[in-house]
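Okay, here's what each chain looks like letter by letter:
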Amino acid sequence: MHPPDVEALNGRLLFAIPKKGRLHERCLQLLAGADIQFRRSDRLDVCLVMNHPITLVFLPASDIPSFVGNGNVDLGITGHDVILEAKMQDKVTEIERLAFGKCALQVQVPERGPVKTVEDLAGKRIVTSFEVLAGEYFARADDRLALVGEQRTRIQYIGGSVEAACALGLADGIVDLVESGDTMRAAGLHAIATVMNTEAVLIKSNTPSRADHSPLINLIASRIAGVVAAGKYVVCSYNISREALPRAVLITPGRRAPTVSPLENTDWVDVSAMVVKKESARVMDELVEIGAKDILIYSLNNCRGLEHTFKTLLAKLVKTPHPTTSNSLSNTCLRPKNLAAAAKVLCARTLKAIVDDDDIVDIVGTGGDGHNTFNVSTAAAIVAAGAGARVVKVRNPVHITRPHPTLFLSRSTAAALPPPPQAPPTSSKHSTVTSSLQQARTSSAPPFVLILASYYHPALALLAPYRKSLPFRTLFNDLGPLINPARPRADRVWRRRTRQDELYRGNVGVDACPDGSVTETVLVRGCLGSGHMR
Ligand SMILES: Nc1ncnc2c1ncn2[C@@H]1O[C@H](COP(=O)(O)OP(=O)(O)OP(=O)(O)O)[C@@H](O)[C@H]1O
Ligand SMILES: O=P(O)(O)OC[C@H]1O[C@H](OP(=O)(O)OP(=O)(O)O)[C@H](O)[C@@H]1O
């Protein structure tokens, strides 16, 4: 087969695919599922798609972020990790997480060695293929420990087989990707920290070569999303007595609603609904428990038209809140993975608050403790600002215009009140919080900026009426702290519901909870990562 000539490439959408490595095979499956047809001869890295005006470009996964970010290629598939490593996160848009290539970037050390924590390792030698991410991670650790000059951690880059570095005497620890953990176990290493979790993503350029490619990009994105979603869901069908139907609908609510069809025996109905694949075994157990019969699970090859269903779900809850309790909701919603996913969706729909100075903090509560006292997190944030911290806090205007009287009693406190919440100009897609912080630096005003939640989170503003009518807390109480549009580097959130159930988030690393009483902590890190700490 001859290479395509330059003429043949003109006007085509360029789509970058990893040419080898862990993501390659799964990308080919995805292209087949999305009916993107091509024939690639053995050594050719550029080939024409037969049924669309697209050219596939096969590149190393780690080069794809720069090609897409710099607008040389319009679309690409690569790992989220390598986008951050290439510092291309502001030059590309992540269109879809692809649910494969999932692994974690971890700090690993010899199992039998003296190093037990990141703090033990800071100041020593690290070998990695991720020198940017590892460098940033250890720079923060060095800063925490006030290490300077020669005392700071040394990061050395190598291109592969990083796990051998400790045994070879090159490193005291490594930072590398871990999926099953087999490679690290075989090398006598174990994890002491996770820098980030990652998976394959579909990305597009923020500076596309041609604007008229946009409909084709949307078509490809929607086809790929269909294949990804089909892999996440199964269809569950079963028979159930009419009497048990309300309970069955709670177990299989479907994405919009389950399909319920009559049977010849009028006391029974046939139900079918989409169910998250990973939850299908639990769902079947619960259906058996309430007397369902003939429970069948079908896999899906493809699907289309799946919408984000938060609004639909909340609307349904508002209409029929009684069979649902805050407990049944929190079982699902408070799973760290789900909180992280919801935070990610909301962050993608948030106006960005640009803060040049990244040395800012936020102190956030999750509200609703029922004691009707003053707002503790705002008070704490004001105290922190008074002590010199640079605070950017997201608030609803109602809390500002009608502060609780016990909070702002004295004149001096009132004088120290922060300026009103900032709303961005209606035409802009982002706002500059920096200027307020700078003003605060050069004047006697407190370094405290409030920004207006309803402007920065238009999606949440739409949901507000639904949330208000629910008689219990929802995951949105826990999401608030995770979606500050100024993305402070440091924030600390904890919340007590029962003695065993705490939510805590640390952006600068994971510490123990303050009073040491916690037996289990739900941990959500950034927008991708999540997990449990015991
Ligand atoms: N063990 C793994 N499990 C899952 N995904 C992984 C794993 N290792 C890497 N990845 C993902 O695949 C991306 C590309 O990694 P990979 O090492 O396969 O690429 P490569 O360097 O092009 O290939 P090779 O290592 O064969 O030279 C990574 O950035 C990560 O997102
Ligand atoms: O936890 P596991 O399932 O064992 O996977 C982890 C291994 O996979 C990746 O390496 P890869 O095999 O791609 O080769 P490399 O070391 O040359 O990068 C990564 O660098 C680890 O070595």
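Residues numbered from 1 in each chain as written. Chains lettered and ligands numbered in written order. Predicted model: local features only at pLDDT ≥ 70, side-chain atom pairs only at ≥ 80, totals over all residues. Heavy atoms only, no water.

Our working definition: UniProt positions are given in the numbering used here, feature names are shortened, and annotations may be inferred rather than shown by experiment.
As recorded in an unreviewed UniProt entry, the chain goes by ATP phosphoribosyltransferase and comes from Boletus reticuloceps. Its UniProt record, at the heading Subcellular location (unreviewed entry), says of the chain: "Cytoplasm". In the Catalytic activity (unreviewed entry) part of its UniProt record, the chain is described as follows: "1-(5-phospho-beta-D-ribosyl)-ATP + diphosphate = 5-phospho-alpha-D-ribose 1-diphosphate + ATP".

Things to note about the site of ligand 1
So the rule is basically this: Near residues are defined by distance, with any heavy atom within 4 Å of the molecule or strand qualifying the residue. Polar contact criterion, stated in full: a pair of N or O atoms within 3.5 Å, where within protein one must be able to donate a hydrogen and the other to accept it, and residues adjacent in sequence count only if both atoms are side-chain atoms. Under the convention used here, a 1.4 Å probe and the Shrake-Rupley method define accessible areas, while residue burial counts only the protein chains that appear.
Neighbouring ligand 1 are 13 residues; Lys20, Arg22, Asp81, Val82 and Glu179 lie closest to it. In this structure, an oxygen atom belonging to ligand 1 sits 2.6 Å away from a side-chain N or O atom of lysine 20. Here aspartate 81 contributes a side-chain N or O atom positioned 2.8 Å from an oxygen atom of ligand 1. Bound to the protein, ligand 1 loses 72% of the 610 Å² it would expose on its own.

Comments concerning the nonpolar core
Put simply, the test is: The definition of a nonpolar core used throughout is a set of buried Ala, Val, Leu, Ile, Met, Phe, Trp, Tyr and Cys residues joined through side-chain atoms within 4.5 Å. For each residue, the accessible area found with a 1.4 Å probe, counting protein chains only, is set against the maximum for its type, and the residue is called buried under 20%, exposed over 50%, and partly exposed in between. We count a stretch as a helix when DSSP gives it H or I for four or more residues in a row; a strand needs E for two or more, and each element gets its number in order from the N terminus. Whether two residues touch is decided by their heavy atoms; if any such pair falls within 4.5 Å, the residues are in contact.
Phe15, Leu56, Ile77, Leu98 and Ile224 are the most contacted members of the largest nonpolar core, which has 27 residues in total. Broken down by secondary-structure element, the contributors of at least two residues to this core are β1 (13-18), α2 (24-33), β3 (54-59), β4 (75-79), β11 (200-205) and α8 (214-232). No other element matches α8, which puts seven residues into this core. Setting aside anything within four residues of it in sequence, one finds isoleucine 224 in contact with Phe15, Leu30, Ala34, Leu98 and Leu202.

Here we look at the sheet that holds strand β15 (residues 293-299)
The condition is simple: At least two bridges found by DSSP between two strands are what make those strands a pair. Angles run from 0 to 180 degrees between N-to-C directions of axes, and those axes are lines fitted to C-alpha atoms, restricted for helices to the stretch in contact.
Across the sheet, which stays open at both edges, the four strands sit in the order β13-β14-β12-β15 with antiparallel pairing between neighbours. Two strands lie at the open edges of the sheet, namely β13 (259-262) and β15, each paired on one side alone. If you compare each strand with its neighbour and ignore which way they point, the axes differ by 20° on average. For strand β12 (residues 233-241) and strand β14 (residues 268-276), the ladder comprises nine bridges, and the chain directions are antiparallel. Each bridged residue has a counterpart across the sheet, and for tyrosine 238 the counterpart in β14 is valine 271. Docked against the sheet, α8 engages β12 and β14, running at close to 45° with respect to β12. Against the sheet, helix α10 (residues 280-289) contacts β12, β14 and β15, and its axis sits at roughly 165° relative to β15.

Some details on the pattern of salt bridges
Applicable threshold: Throughout this description, the term salt bridge denotes a Lys or Arg side-chain nitrogen within 4 Å of a carboxyl oxygen of Asp or Glu.
Summed over all chains, the structure comprises twelve salt bridges. The closest approach of N and O atoms between glutamate 179 and arginine 22, which form a salt bridge, is 3.8 Å. With glutamate 179 in the loop between β9 (173-178) and α7 (182-186) and arginine 22 in the loop between β1 and α2, this residue pair connects regions lying 157 residues apart in the sequence. Across the pair, arginine 22 and glutamate 179 agree in class, each one exposed. Arginine 97 is paired through a salt bridge with glutamate 94; the nearest N and O atoms lie 3.2 Å apart. Take arginine 97: its relative accessible area is 17%, and that puts it in the buried class. Taken together, the shared-partner salt bridges in this structure form one network comprising Lys19, Arg40 and Asp45.

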